[in-house]
Amino acid sequence: MQINSLFKISTLACAITLASCGGGDIKLSSQVDNSVGDTTITNPAPTDPIVTELPGKSSSVLGQDVSTALGFDVAVQVLDGKITSDMTLVASADSKPVFYAISGALEVMAGATLTVEPGVVLFGQSGGDYVVVHRDAKIMAEGIKTKPIILTSLQDVKGEETTAGQWGGVVILGNAPSNKCPTDGSECALQIEGAEEGAVFGGSNWEDNSGILKYLIVKYAGFEIAPDNELNGITFGGVGSGTTVDYIQVHSNADDGVEFFGGAVNVKHLVLTANKDDSIDWDNGYKGMLQHIYVEHAKNAGEANRGIEGDNDGSTPDKEPQSAPIIANLTIVGNNFDSADKDSEGIYLREGTAAKIFNTVVTGTSEMGECLEIEGGATSSVTVNNANSGKIVMQNSVMACSNSENFKNAKAEDGSVLLDLEAWFSAEASNSISSSILINENGIPDANSPLVAENAGQDVANTQNAFFDSVDYIGAFDSADNAGNDWREGWAFGYGGGVVTAQAETQGCPTGTSAISSVNGSNITCQLSGVIANNLTLTANNIYALSGAVFVGGDKINSATLTIEAGTTIYGRSGSDYLVVSRDSEIQANGTASKPITFTSSQDLTGAETGAGQWGGIVLLGNATSNKCPTDGSDCALQIEGAQDGAVFGGTDDADSSGTLRYVVVKHAGYEIAPDNELNGITFGGVGSGTKVEYIQVHENADDGIEFFGGTVNLKYVVLTSNKDDSVDWDNGFRGNLQYVLVKHDPQNGEANRGIEGDNDGSTPNKLPQSNPSIANMTIIGNTFDTADKDSEGVYLREGSKAQLHNFVVTGPAGMGECVELEAGLTVDQAKSGDTLMSNSVVACDEAFKDSKDSSDATFDLMSWFINDNTENSTAANTSAVLEGIFTIDTTTPKDFTGNSFFENADHVGAVTKAKNWTAGWTVGLEE
């Protein structure tokens, strides 16, 4: 059962109502004569209530309509026509909220000032309803964080279905220059697009003042007046630098989020979400400055185009004044929208624009279009010339697109390359290309992100203009560890504010789950079973039980996305309870360091004794390659081990995405389905590089911690503790990357096997594609477990696997098995030929190496290979020489990964140091 409360209003202070806000008792007093004799009561004569005169025309019909939807009484005033004298819009009057309905073109004329108080709601009823602030007029719309000003649609106000283009938008017109102005000195009066005749802009005053926009949100605007002629969310036509624009958002606009036609208006704290065309567009000589900007295309892959489309003039690209904005601290997050006409892209500079862009990161899904493009065309392309002459500058910026199309070269009409954009971008030493920037689903980087590394960002205030705030990070936000750094919180839509009407939080189990008895006696407990064939979100206020094999989607049919909120707990009650994410479906499990997502056993939640194998585990299945796939081109559908029939993987898409695992902890899993057939903690079957895996832990699993069957998935920040078989296992053509991997066998010397067991194919060791992962910054800490079948060991490569291993620390107590071993035959041959490497590493074990033979039966001296055939390797006496607990103290020089888009340059070998303890706050089982 779901219990929903009535709509609530979140933008109005409770002071505008009476009894509903509580407070002290209401006291009635009289004037009483307490002298001897009769008591005379002389109350004041009653007076009529004061009725505030409000601007516009009262609409009882709209008032009743809106009040019914909201569940309380609201006055609605209709505003239309021309405002020719000063007007103030108040948020409440006579103890009642006041909303304002825009009817037609609401025009603030020259000489008038429209003042909008904090908390005011204005709404349009149709596409013809919009606001125009003319030249020499002002708008003083200065909301506050707790009471932003909202301009939206009637549908939003009433809680009905919302979409882009339900009303017009906002147009601000000023007297600043545009290169479309006449050059003969005559008056400039340029018609703005999207508005009716007479809405003109332009002049000669760069410092013109059109007022203030602060803590203001525009939603669901951008009506299409004619094909390809929609209003932007906010249009700035010739707006000068005297205008203040700070803390504004445009959400779900049918055209651009904000567009600047000339002018020099500056903007700080700009949020642009789910807009259907360009998020930021400039033209015709725009010279403003922008800082702290967050652009996110629709999360549901809805319509989108460019994060930035920057122009000067289409017919005369070098026309003066030339567009030359300065932008700092911009984050652009694209999506996978793609149509015949447009797709989700990052930054496109064209038509002769100049620009200086600092501290910017562009990222997005694997299907996103190019992240950076500069227009080519004619051999004498002005935009290309601007890039080569220093008029276009990018510094301290990161291209982090996972689609292998970070850059789209500028080409001439004959197809020849005018500008190698990647080379141009990389020639600036402060720029970088990365596939692992470690930001969460809201764009916030964590403490280990390269975006917030020391000296990552440029202090633009000192190098460009005092307008800019001094910051030292890249992108719109500082690290999540810095409290209060998310400047959207509390006012922006989607971030705790910006709503007119919203349903109260839903109590009970989400649709698609069923309520069962509470597992801990307090939290609502919901059960998942069968196939999840529709998108489902697991909310953190409940606990969720897996019942049997739970599949997210069928194999390439009924595909779905399972979203799991930060802090959510999911558990299994028996070995047959496990989760499978099928091909073409996704899991979006985005935890945080303070609120990790936990998969565990029922015993863990009830306080009973915990152990390995108490439930199943997690299985991700993708469409990436495996060398077990048929070679005749037929469909690949390989059954994954440990799961029921139909759990298949494999294909040809190495960039496939199975979603996100971030701050996810898996405990007490790995049930033995049959002898030697247990589920791993997390199994990756043919999972592609489009999948994001960061900050995961598998603790106390009965089989391997993580195992990769083919695929190309990449991982960063991995903790594997007290697992009973191999901690990292790969097979059948796995070619992913891993960095920062901590393996610690049971400190009580319980069951364990290898830190790494790396295979290619047992029957055909050289089978293609051949396993060849790259791993950096791994610490393996063994124990003294030893039986006839297995013992605690370090790294074992076999069955033809290659590997590129760097920055390792392998160690353990006396009595541990060998720390490095290569299987005889092809595996050894590949090490001798240099196809397998191990560099910048230290081994501190009693039995450091186990020799074997090459394919010619010659003895292979593994220690000599490690020391003499690789670089910067060494051995140490014991664990205390290289580690303090889990922290590296060894001073081996780490490998330089400069130019690599996944691996970052660590200042240490091994997984973790005291100075950068990324395990803190979310992991288990690391206590001594």
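For the structure, check the block above.
Described in the following lines is the structure provided in the data block. (Residues numbered from 1 in each chain as written. Predicted model: local features only at pLDDT ≥ 70, side-chain atom pairs only at ≥ 80, totals over all residues. Heavy atoms only, no water.)

## Overview of the environment of G194
Convention followed: Under the scheme used here, helices are H or I runs from DSSP no shorter than 4 residues and strands are E runs no shorter than 2 residues, and both carry numbers assigned from the N terminus. Remark: exposure states derive from per-residue accessible area (1.4 Å probe, protein chains only) relative to the maximum for the residue type, with buried under 20%, exposed over 50%, and partly exposed in between.
Within the secondary structure layout, G194 lies in the loop between β12 (190-191) and β13 (200-201). Accessibility expressed as a relative area gives 8% for G194, which makes it buried. G194 sits 376 residues away from I570 along the chain, and the two C-alpha atoms are 51 Å apart.

## What to know about the state of the cysteines
Under the convention used in this document: Whenever a pair of cysteine sulfur atoms sits within 2.5 Å, that pair is classed as a disulfide.
Evaluated as defined, the whole model comprises five disulfides. A disulfide bridge connects C371 with C401, and the sulfur atoms are separated by 1.2 Å. Across the S-S bond linking C371 and C401, the dihedral sits near -75 degrees, which makes this disulfide left-handed. Of the two residues, C371 is situated in the loop between β26 (355-364) and β27 (372-374) and C401 in strand β29 (residues 398-401); the sequence distance between them amounts to 30 residues. Its relative accessible area of 0% is what places C371 among the buried residues. Its relative accessible area of 5% is what places C401 among the buried residues. Shown here is the disulfide that connects C509 with C526, its sulfur atoms set 2.2 Å apart. Linking C509 and C526, the disulfide has an S-S dihedral of approximately -90 degrees and is accordingly described as left-handed. Of this pair, C509 sits in the loop between α5 (460-463) and β34 (514-516) while C526 sits in strand β35 (residues 525-532), and the two are 17 residues apart along the sequence. An identical accessibility class is assigned to C509 and C526; each is buried.

## Notes on the environment of E53
Position of E53 relative to the elements: it lies in the segment before β1 (57-58). For E53, a relative accessible area of 77% gives the class exposed. For the pair E53 and A93, spaced 40 residues apart in sequence, the C-alpha separation works out to 8.7 Å.

## Here's the deal with helix α3 (residues 382-389)
Note that an α-helix has 3.6 residues per turn; residues three or four places apart therefore point the same way. Counted only if it meets this: By definition, residues are in contact when any of their heavy atoms lie within 4.5 Å.
Taken as a whole, α3 has its buried residues at V382, T383, V384, N386 and A387. Its buried side turned inward, α3 meets β25 (345-349), β27, β28 (392-395), β31 (410-411), β32 (417-419) and α4 (421-426). One or two positions beyond α3, positive phi appears at G390, with a value near 90 degrees.

## Points about the packing of aromatic side chains
Put simply, the rule reads: Two aromatic rings, drawn from Phe, Tyr or Trp (for Trp, its six-membered ring), form a pair once their centres lie within 6.5 Å of each other, and the interplanar angle then sorts them: stacked below 30 degrees, edge-to-face above 60, tilted otherwise.
Evaluation of the coordinates by the stated rule reveals 25 aromatic pairs. For the pair Y215 and Y247, a centre-to-centre distance of 4.4 Å together with 10 degrees between the ring planes defines the contact as stacked. With Y215 in strand β14 (residues 211-219) and Y247 in strand β18 (residues 244-251), this pair connects stretches of sequence that are 32 residues apart. Neither Y215 nor Y247 differs from the other in exposure class; each is buried.

## Considerations on helix α1 (residues 60-70)
As a reminder of what qualifies: Taking the helix axis as origin, the arc is that swept by the directions to the C-beta atoms.
Restricting attention to buried positions, one finds in α1 the residues L62, G63, V66, S67, A69 and L70. The buried residues of α1 occupy an angular sector of 160 degrees when projected down its axis, which confines them to one face. Among the exposed residues of α1, those oriented more than 90 degrees off its buried face are S60, V61, Q64 and T68. Looking at the buried side of α1, the elements it contacts are β2 (75-83), β5 (96-108), β7 (121-124) and α2 (154-157).

On their own, these measurements won't tell you what the molecule is for.
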